Amino acid sequence: MTTHTTRMLILGSGPAGLSAAIYGARAGMEPIVVQGIQPGGQLTTTTDVENYPGFREVIQGPWLMQEMQAQAEHVGTRMMWDTIVEVDLTKRPFRLIGDGGDVYVGDVLVIATGAQAKWLGLDSEEALKGKGVSACATCDGFFYRGKKVAVIGGGNTAVEEALYLTNHSPDVTLIHRRDNLRAEKILQQRLHANDKIKVLWNKEVESFVDGGGTAGLVALDLRDTVTGELSRLDVEGGFVAIGHHPATELFRGHLELDADHYIKVETGSTRTSVPGVFACGDVMDKVYRQAVTAAGTGCMAALDAERFLAEADFEKVAEAAE
C-alpha cells in the first residue's frame with residue numbers, strides 16, 4: 001500500500017479533469033489525476049470531433065484526449081491508473097482509497113468523474129455506435145445534414161435533441177414507448193409546432209439495422225408496445241436520448257446532490273457543499289454536456305481551488321502569528 005500526497009487531487013481524466021490539472025500544475029500545485037474506469041472520459045469513445053475550438057479539420061476524440069493528457073503531464077501533473085472506491089471528506093486533507101489499497105491524500109479535491117449516457121442495451125446498438133447510432137445530437141447532428149434521423153425517448157432530453165436536429169435534418173422522427181411525453185409542456189408545444197418532426201407513439205426499438213459494409217445504420221426495427229406489431233423505419237441516424245447517469249455513487253452521503261444525482265455547486269462556481277471540494281464537467285452539468293464546457297468548468301475548478309488554498313494558507317499563517 002502506497003500513500004500519494006498532493007496539494008490538488010483530481011478524480012477523472014476527461015476534458016474537465018485534465019483542464020483542471022493543466023491550470024493546477026501551472027499554479028504549482030503538482031496535481032495528481034486518478035484516471036478512473038474510463039481514462040480520457042467519453043471523448044475516447046467518440047471518433048470524429050468537429051466542434052472543439054482550434055481545429056479546422058475533423059479530429060479524433062482519443063487523439064484530443066491524448067494531447068490534453070500530454071499537456072497536463074508536460075506542465076507537472078502526475079497521472080495515476082486507479083479507481084477510487086472509498087472517500088473521507090470529513091476533514092482536510094481529504095483521504096481517498098483506490099481499489100488496490102493505495103491511499104490518495106489531497107489538500108483540495110476536484111471531482112470530474114463525468115456522466116454516462118443511458119443506452120437501450122441492445123447488441124445491435126453497441127455494434128453501430130459511431131456508425132449511425134449516437135447519444136448526443138449536439139455532438140453528432142452535423143454529420144446528418146439532409147438525412148432522415150430518429151430520436152428515441154420521451155423526456156426533456158429527447159425533445160430537445162429532436163428540436164436541435166431540425167437544424168440539420170428535414171425529417172426527424174421521435175419514437176416513444178408510451179402514448180404521452182414526460183417532457184415539459186413548453187418543449188412539447190415546440191415539438192408539435194415543428195413540421196419537420198413526427199412522433200411515433202407506443203413504439204420501442206427492437207433492433208438497429210446494419211446496412212453492411214460502410215453503410216452503417218439504415219433502419220430501425222420497431223415493436224408496438226400495445227399490439228406487439230413489428231414495423232421498420234428507414235433512417236440514417238438514430239439518437240438514443242433516454243438520459244444520463246452522473247458518476248456520483250461514490251459521493252452519496254458525502255456531498256449534496258440534486259434530484260438527478262448530479263453534484264450541486266454554487267451558482268457561477270464549482271464549489272460543492274464541502275469546503276475544499278470542487279466539481280466540474282458532466283458530473284455537475286446536465287444542461288450543456290460538451291467537451292468545451294467541461295474544459296471551461298475544469299479551468300474554473302482549478303482557479304476556485306487555488307483561491308481556496310491561498311485563503312487557507314493565509315489563515316494558517318495568521319493563526320501561527322497570534
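Residues numbered from 1 in each chain as written. Predicted model: local features only at pLDDT ≥ 70, side-chain atom pairs only at ≥ 80, totals over all residues. Heavy atoms only, no water.

Provide a residue-level description of the overall build of the chain, including the pertinent values.
Helix and strand content of the chain: seven helices and 19 strands. Against the compact-globule benchmark of 20 Å for 322 residues, the chain has a radius of gyration of 22 Å, which places it among compact chains. With respect to the three principal axes, the spread of C-alpha positions in the chain is 75 × 40 × 35 Å. For the chain, the residues scored as buried account for 49% of the 322 residues in total. Summarising the internal contacts of the chain: among those between residues at least 6 apart in sequence, 59% fall at separations of at least 24. As displayed, the chain offers around 16,000 Å² of accessible surface, 50% of which is attributable to carbon and sulfur atoms. For the chain, the separation between the mean place of its 30 positive charges and that of its 44 negative charges on side chains is 4 Å. (Helix = DSSP H or I, 4+ residues; strand = E, 2+ residues; numbered from the N terminus. Rg over C-alpha atoms; globule rule 2.2 N^0.38 Å. Buried < 20%, exposed > 50% of the residue type's maximum accessible area, 1.4 Å probe, protein only. Contact = heavy atoms within 4.5 Å. Areas by Shrake-Rupley, 256 points an atom, 1.4 Å probe, with all protein chains shown as cover. Lys, Arg positive; Asp, Glu negative; His and termini not counted. Charge placed at Lys NZ, Arg CZ, Asp CG, Glu CD.)

So what's going on with unusual backbone geometry? Residues and values would help.
A cis amide bond, omega -5°, links Arg92 with the succeeding residue Pro93. Relative to the helices and strands, Pro93 is located in the loop between strand 6 (84-88) and strand 7 (94-98). In the Ramachandran plot, Asn202 falls in the positive-phi region, its phi being about 50° despite a non-glycine side chain. The backbone of His261 sits at a positive phi, close to 75°, despite the residue not being glycine.

Now, about the sheet that holds strand 14 (residues 203-210): what can you tell me, with residues and values included?
The strand order across the open sheet built from three strands is 14-15-16, with neighbouring strands paired in antiparallel fashion. In the strand order of this sheet, the two ends are held by strand 14 and strand 16 (230-234), each with one partner. If you compare each strand with its neighbour and ignore which way they point, the axes differ by 30° on average. Relative to strand 16, strand 15 (residues 217-224) runs antiparallel, the two sharing five bridges. (Pairing = 2+ DSSP bridges. Axes fitted to C-alpha atoms, helices over the stretch in contact; angles between N-to-C directions.)

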